[in-house]
Amino acid sequence: MLRDEMRGYLDRGYNVVKMKIGGAPIEEDRTRIEAVLKEIGKDAQLAVDANGRFNLETGIAYAKMLRDYPLFWYEEVGDPLDYALQAALAEFYPGPMATGENLFSHQDARNLIRYGGMRPDRDWLQFDCALSYGLCEYQRTLEVLKTYGWSPSRCIPHGGHQMSLNIAAGLGLGGNESYPDLFQPYGGFPDGVRVENGHITMPDLPGIGFEGKSDLYNEMRALAE
């Protein structure tokens, strides 16, 4: 089922896919990862997400296992506010790591950069534009990142919803997560937009672009009425 799920994303044009880890023993997760890598081959890259469930010992054990594979990133290993844990992992995992989806202000971002051991040449920041107090606060966050030598291109917002999509495009971020089958009608793309080799062409719509997604527009209209 996992291999079929990942193949389905490739068939829709994605070239980076993500799977959850930590819900099974580490050796079973190794088998799951190898199965997905075999399925996607050279057509895509694989990211793994622990959803913040690991303590330091488990996070390090997984880091040692995961570094055997060419992963796109190792995501949210432990408690999002445990910056010491995140910093310690860099000693054991040379590949890209990602975190930040549960941090919501420019002060949070500053503390992560100061104390979390994040590396601007390879790691990814996942602050969610809509949850981070909106566009203005997200712009403050980018200004903080700039002072520490981080490019906006290292930010890939978590969540996969329309708000982040348009902000990511407008601010020149590194991408935006997309959940084509979840959180509908809020996830996905405007009608007629297709993924090609991991990219889309943004439609010529103002603002957030709700009007271009008919099922979402109908939902919004019903709420307004």
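The structure we're discussing is the one just above.
Predicted model, so just to flag it, every value in this text is computed and none were measured. (Residues numbered from 1 in each chain as written. Predicted model: local features only at pLDDT ≥ 70, side-chain atom pairs only at ≥ 80, totals over all residues. Heavy atoms only, no water.)

*Asks:* Mind laying out the state of the cysteines, listing which residues take part and the relevant values?
*Replies:* This model, assessed by the stated rule, comprises zero disulfides. Summary of cysteine pairing: Cys-136 is not part of a disulfide, and the nearest cysteine sulfur, belonging to Cys-129, is at 12 Å. Cysteine Cys-155 shares no disulfide, and the gap to the nearest cysteine sulfur, in Cys-129, comes to 8.4 Å. Taking relative accessible area as the criterion, Cys-155 reaches 0% and is therefore assigned buried. (Disulfide = S-S within 2.5 Å. Buried < 20%, exposed > 50% of the residue type's maximum accessible area, 1.4 Å probe, protein only.)

*Asks:* Talk me through the side chain of Glu-39; I want residue IDs and the actual numbers.
*Replies:* Within the secondary structure, Glu-39 sits in helix α2 (residues 26–40). Within the structure, the side chain of Glu-39 is placed 3.0 Å from the side chain of Arg-3, a separation counted as a polar contact. Beyond its immediate stretch of four places on either side in the chain, Glu-39 contacts Arg-3 and Arg-7. (Helix = DSSP H or I, 4+ residues; strand = E, 2+ residues; numbered from the N terminus. Polar contact = N/O pair within 3.5 Å; in protein donor to acceptor, adjacent residues only side chain to side chain. Contact = heavy atoms within 4.5 Å.)

*Asks:* If you had to explain the pairing of strand β2 (residues 45–49) to someone new, which residues and values would you point to?
*Replies:* The two faces of the sheet receive side chains in turn, since in a regular strand these alternate between them. Taken across its five residues, β2 has four buried, putting it largely inside the fold. Where strand β1 (residues 16–20) and β2 come together, five bridges link them in parallel fashion. Across the sheet, the residue bridging to Val-17 is Leu-46, located in β2. For the handedness criterion, the β-α-β arrangement of β1, α2 and β2 is classed as right-handed. Note that β2 and strand β3 (residues 73–75) share three bridges and pair parallel. Note on β3: the bridge partner recorded for Val-48 is Tyr-74. (Pairing = 2+ DSSP bridges. Right-handed = clockwise from strand over helix to strand, strands pointing away.)

*Asks:* Could you give an account of the packing of α2 against helix α3 (residues 56–66), with specific residues and numbers?
*Replies:* Closest axis-to-axis distance for the α2/α3 pair is 11 Å, and the angle between their directions is 35 degrees. Crossing geometry of α2 relative to α3 is assigned as right-handed. The residues of α3 that touch α2, namely those facing Ile-26, Asp-29, Arg-30 and Ile-33, are Ala-61, Tyr-62, Met-65 and Leu-66. Of the residues assigned to the contact of α2 with α3, the class counts are six nonpolar, no polar and two charged. (Axes fitted to C-alpha atoms, helices over the stretch in contact; angles between N-to-C directions. Left-handed = near helix turned anticlockwise from the far one by under 90°. Nonpolar A, V, L, I, M, F, W, Y, C, P; charged D, E, K, R; others polar.)

*Asks:* I'd like a description of the packing of helix α1 (residues 2–11) against α2, backed by residues and values.
*Replies:* At a minimum axis distance of 9 Å, the contact between α1 and α2 shows a crossing angle of 35 degrees. Crossing hand, α1 versus α2: right-handed. Across the interface between the two elements, Leu-2, Arg-3, Met-6, Arg-7 and Leu-10 of α1 pack against Arg-32, Ala-35, Val-36, Lys-38, Glu-39 and Ile-40 of α2. Grouping the amino acids of the contact of α1 with α2 by side-chain chemistry returns six nonpolar, no polar and five charged.

*Asks:* Tell me what's going on with unusual backbone geometry, and back it up with residues and numbers.
*Replies:* Of note, the amide linkage connecting Gln-184 to Pro-185 takes the cis form, showing an omega dihedral of 10 degrees. Looking at where Pro-185 falls in the secondary structure, it is placed in the loop between α7 (162–171) and α8 (214–224). Even without being glycine, Glu-76 reaches a positive phi, approximately 35 degrees. Following the sequence through the fold, Glu-76 ends up in the loop between β3 and α4 (83–89).

*Asks:* Tell me about the nonpolar core, and name the residues and values.
*Replies:* Ranked by size, the top nonpolar core spans 33 residues in total, and within it Ile-21, Ile-33, Ile-40, Leu-46, Val-48, Leu-66 and Tyr-74 carry the most contacts. Secondary-structure elements contributing two or more residues to this core are α1, β1, α2, β2, α3 and α4. If one sorts the elements of this core by residue count, α3 sits on top with five residues. Every residue in contact with Ile-33, bar those within four places of it in the chain, is listed here: Met-19, Ile-21, Leu-46, Val-48, Met-65, Leu-66 and Tyr-69. Formed by 17 residues, the second largest nonpolar core is a distinct cluster that contains Leu-112, Trp-150, Cys-155 and Ile-167. (Core = buried A, V, L, I, M, F, W, Y, C linked by side-chain atoms within 4.5 Å.)

*Asks:* An account of the pattern of salt bridges is requested, with residue identities and associated values reported.
*Replies:* Across all of its chains, the model carries 15 salt bridges by this definition. Notably, a salt bridge pairs Asp-68 with Arg-30, separated by 3.5 Å at the nearest N-O pair. With Asp-68 in the loop between α3 and β3 and Arg-30 in helix α2, this residue pair connects regions lying 38 residues apart in the sequence. Notably, a salt bridge pairs Arg-221 with Glu-225, separated by 3.3 Å at the nearest N-O pair. Salt bridges sharing partners connect three or more residues here, namely Lys-18, Lys-20, Asp-49, Glu-75 and Glu-177. (Salt bridge = Lys/Arg side-chain N within 4 Å of Asp/Glu carboxyl O.)

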